[in-house]
Amino acid sequence: MENLLEIKNLHATIDGKEILKGINLTVKAGEVHAIMGPNGSGKSTLSNVLVGHPAYTVTEGEIIYKGKNLLELSPEDRSHEGLFLSFQYPVEIPGVSITNFMRAAINAKREYLGQEPMNATEFLKMMREKRAMVNLDSKLANRSVNEGFSGGEKKRNEIFQMAMLEPTLSILDETDSGLDIDALRIVAEGVNKLKREDTSSLVITHYQRLLDYIKPDIVHILYNGKIVKTAGPELVMELEERGYDWIKNEN
Amino acid sequence: MECVQEYINLFESNKALIDKPCTQKLNEEREKAFVRFRAEGFPKLKDENWLHTNVAKKFETDYGMDLGRKAGANSVKGSFTCDVPNLKTVRGYIVNDCFTIAGEDRNKLPKGVLIGKINEIAESNPEIIDSFYNQLASKGDSIVQFNTSFVQDGIILYVPKNTVIDETIQIVAQLQTNVDILTNRRLLVVMEENSHASLLLCDHSSTDKKSLSIEVTEIFIGRGASLDLYELEETTESNTRLGNLFVNQKHDSRFNHCNITLTNGFTRNYIEVVLDGEGADTNINGLAIGDKKQHIDNRTLVEHKKGHCTSNELYKYILDEESIGVFAGKMLICTDAQQTVSQQTNRNLCLTSCARMYAQPQLEIYADDVKCSHGSTVGQLDENALFYMQQRGIPADEARHLLMYAFAGEVIDNIKLEALRERLHILVEKRFRGELNHCKGCNLCK
């Protein structure tokens, strides 16, 4: 299988403080990777660096995505190239309806790919289909992005956007946080429906419960800015039984 | 010599010429106003009401004033239209300070409605001007007195009892000049009991010459009557506008106002609404978009004189580059105004570190059973929202525009005329994209 993403010796800082201290990670097309680890180990930093958040500075190392130097691309071009982040805390955007927001996103991507803008009928049909996939209420679609949404609705809206944009590599940053078990199931089912043979995911989570629904091929443990352990799905069970202390003690 | 003295001399040496084309009432009020203007001069920066707006400086230019009424309203209609798609209008034009309306337009109005020049209507219906002219503006500041001193004509709109005008009356003001010019514009609107009208005033300029237009509008809204007033300012950087709006509302009347500064140079709008009858309701909205070195100052006073009235005020500013915004809004709840419900909101975006906003919300309450609130914020675009949008593939510039447009949308959504609302949404979007920088004529119809 082809390498979709290669992270080599990645170091990154925020406000001068080093958070990532030499990450090495390779994701092949079609794989689902879980990244687990205790609080403050750098999981969210890694996802933010991948999508180009301006607050983070890469000080060393490289990221190759689809054979391109990812660090040279703007956040929007990374998106157009198929990188998607489901935010841990989705942002509220008062006054911008989900419909207008998605239309701007879809058409920007099409322009990047040299395609004509999508016509209104086609677009609305796509909205309907994808909304059904994650049980997103049609009333929400006319509201401002995330404004006044419950925690579950916000996460469902993230997966809806993911469905619309059909990413090649999706990063789910603590998508399970703040969800009750029913909402978790709906969100996870949405993610599974979107899975294709050539698409990959990085699932970032503290807990096992999301991984009961989204089955990872490979599990990494991130601790203190480095990946300290990589194994198969059985590692999830081990962490669930033993917690993170043994990892901390070993490193 | 100070410039105020030059205007005093100009007035005194041309008094006969100024008086000549005017009806007696205009000249009577002129005498009184000039006494006040001569005594007070132009407002100073230390004046509480003019703290951030140096208006006296704006009078220093050696403007031409058409006191001989030579220009007239020449053939504006052929060269200049101002259509809002899907909006039925009855349209009149102001060129500089001369008003015209075609007979065919006038005939579209219901029986008894009068629209025309002050001097003409003073001949046919003297009781209107005698009862209403300068009744509200006489207590205005020295800028208003300046207008009353020099004004030679204006517009009257009179809507009789129980008359509803379905079509929107649109008045398109335009400047056409080869020299720097000062114009005095005047509008008097009288809405008798249970009448209704909507009025759209478009203020344009197609000249690069310096211009100063001083506008005084007086509006009387009778018992149970309602008026929707939309003002759109779309001029050039060389234009200075000093607007003065006085509104008096009787029992159960309604007033909806939306004032949009889309492009301009230097703007000061004073708006005063007096709720002078129980159950009156007023909504005043404003949107100001500034960039370059533009200056936009809106000062409002809503005076609740009687009980059971409601007022809602929303003003928003979006300031880019080195533009300056000033907002001072006062709600005055008098002793008798029990059961008042009043709300004022002012929100402002400064897009650069050089843009400045001075906000001064004020609330004065003398009654003891009221529900009032006011609030003001100044901030920047939400960086988290911008990044979120970029992650979804929306380019940074486009994301900024979407956020600005969403911010402005709240004001535009309060406009009741759907066609105008749609049009303004498009215009504001174009404004943010920098596509309205060259105002050659009217953008409403492009």
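These notes cover the structure that comes with them. (Residues numbered from 1 in each chain as written. Chains lettered and ligands numbered in written order. Predicted model: local features only at pLDDT ≥ 70, side-chain atom pairs only at ≥ 80, totals over all residues.)

### What to know about the overall build of chain A
Tallying secondary structure elements over chain A gives nine helices and 12 strands in all. Relative to the 2.2 N^0.38 estimate, which gives 18 Å for 251 residues, the radius of gyration of chain A is 18 Å and therefore close to what a compact globule would have. Dimensions of chain A, computed from C-alpha atoms along their principal axes, come out at roughly 55 × 40 × 40 Å. Per-residue burial over chain A gives 41% buried out of 251 residues. Long-range pairs, those at least 24 residues apart, make up 71% of the contacts in chain A with a sequence separation of at least 6. (Helix = DSSP H or I, 4+ residues; strand = E, 2+ residues; numbered from the N terminus. Rg over C-alpha atoms; globule rule 2.2 N^0.38 Å. Buried ≥ 20, exposed ≤ 12 C-beta atoms within 10 Å, placed from the backbone. Contact = placed C-beta atoms within 7 Å.)

### Details of the overall build of chain B
Along chain B, the regular secondary structure elements total 11 helices and 19 strands. Computed over C-alpha atoms, the radius of gyration of chain B comes to 21 Å, within 12% of the 22 Å expected from 2.2 N^0.38 for 446 residues, which places it in the range of a compact globule. When its C-alpha atoms are laid out on the principal axes, chain B stretches across 70 × 55 × 50 Å. Residue burial in chain B is summarised as follows: out of 446 residues, 51% are buried. Taking contacts inside chain B between residues at least 6 apart in sequence as the whole, the part at least 24 apart equals 83%.

### Considering the nonpolar core
Residues and elements named next belong to chain B. Met 191, Leu 227 and Ala 408 are the most contacted members of the largest nonpolar core, which has 189 residues in total. Sort the elements by how many residues they give to this core and helix 10 (residues 396-412) lands first, with nine residues. Setting aside its immediate chain neighbours within four residues, Met 191 contacts Val 159, Ala 197, Phe 220, Ile 221, Gly 222, Ala 225 and Leu 227. (Core = buried A, V, L, I, M, F, W, Y, C linked by C-beta atoms within 7 Å.)

### Considering the interface of chain A and chain B
Tallying the contact residues gives 20 residues for chain A and 17 residues for chain B. Elements that contribute at least two residues to the side of chain A that touches chain B include exactly helix 2 (75-80), strand 7 (93-97), helix 3 (98-112) and helix 6 (151-165) of chain A. Of the residues assigned to the side of chain A that touches chain B, the class counts are 13 nonpolar, five polar and two charged. (Nonpolar A, V, L, I, M, F, W, Y, C, P; charged D, E, K, R; others polar.)

### Some details on helix 1 (residues 43-51) of chain A
In an α-helix, one turn spans 3.6 residues; hence positions three or four apart end up facing the same way. Residue and element names in this part refer to chain A. Counting buried positions along helix 1 yields eight of nine residues, so the element is predominantly enclosed. Looking at helix 1, one finds that the buried residues are Lys 43, Thr 45, Leu 46, Ser 47, Asn 48, Val 49, Leu 50 and Val 51. Positive phi appears at Gly 52, one or two residues downstream of helix 1, with a value of about 85°.

### Some details on the sheet that holds strand 10 (residues 239-249) of chain B
All names here are of chain B. Spatially, 3-4-6-8-10-12-14-16-18 is the arrangement adopted by the nine strands of the open sheet, whose pairing is mixed. Since the sheet does not close on itself, it has two edges, and those belong to strand 3 (114-117) and strand 18 (356-365), each with one partner. Mean inter-strand twist for the sheet, computed between neighbouring axes without regard to direction, equals 5°. Where strand 10 lies against strand 12 (residues 266-275), 10 bridges are found, and the strand directions are parallel. Bridging from a neighbouring strand, Leu 245 pairs with Ile 271 of strand 12. Where helix 8 (residues 142-150) meets the sheet, its contacts fall on strand 6 (181-191), strand 8 (211-221) and strand 10, and the angle it forms with strand 8 comes to roughly 95°. (Pairing = 2+ DSSP bridges. Axes fitted to C-alpha atoms, helices over the stretch in contact; angles between N-to-C directions.)

### What to know about the packing of helix 10 of chain B against helix 11 (residues 418-432) of chain B
Residues and elements named next belong to chain B. For the pair helix 10 and helix 11, interaxial distance at closest approach is 10 Å and the crossing angle is 145°. Every pair of crossing elements has a handedness; the one defined by helix 10 and helix 11 is right-handed. Of the residues in helix 11, those touching helix 10 at His 401, Met 404, Tyr 405, Ala 408 and Ile 412 are Arg 421, Leu 424, His 425, Val 428, Glu 429 and Phe 432. Here the residues of the contact of helix 10 with helix 11 are counted per class, giving seven nonpolar, two polar and two charged. (Left-handed = near helix turned anticlockwise from the far one by under 90°.)

### Topic: the pairing of strand 1 (residues 3-14) of chain A
Residue and element names in this part refer to chain A. Sheet topology note: the strand 1/strand 2 (residues 17-28) ladder contains nine bridges and is antiparallel. Each bridged residue has a counterpart across the sheet, and for His 11 the counterpart in strand 2 is Lys 21. Relative to strand 4 (residues 56-65), strand 1 runs antiparallel, the two sharing eight bridges. Bridge pairing in strand 4 links Thr 13 to Thr 57.

### Points about the environment of Asn178(B)
Secondary-structure assignment places Asn178(B) in the loop between strand 5 (168-174) and strand 6. Each C-alpha atom of the pair Asn178(B) and Thr310(B) lies 47 Å from the other, and the pair is 132 residues apart in sequence.

### A closer look at unusual backbone geometry
Residues and elements named next belong to chain B. You will see that Asn 96, though not glycine, has its phi angle at about 55°, which is positive. Here Asn 96 is to be found in the loop between strand 1 (89-95) and strand 2 (98-101). Phi is positive for His 308, which is not a glycine, with a value near 60°. Structurally, His 308 can be placed in the loop between strand 14 (295-304) and strand 15 (310-319).

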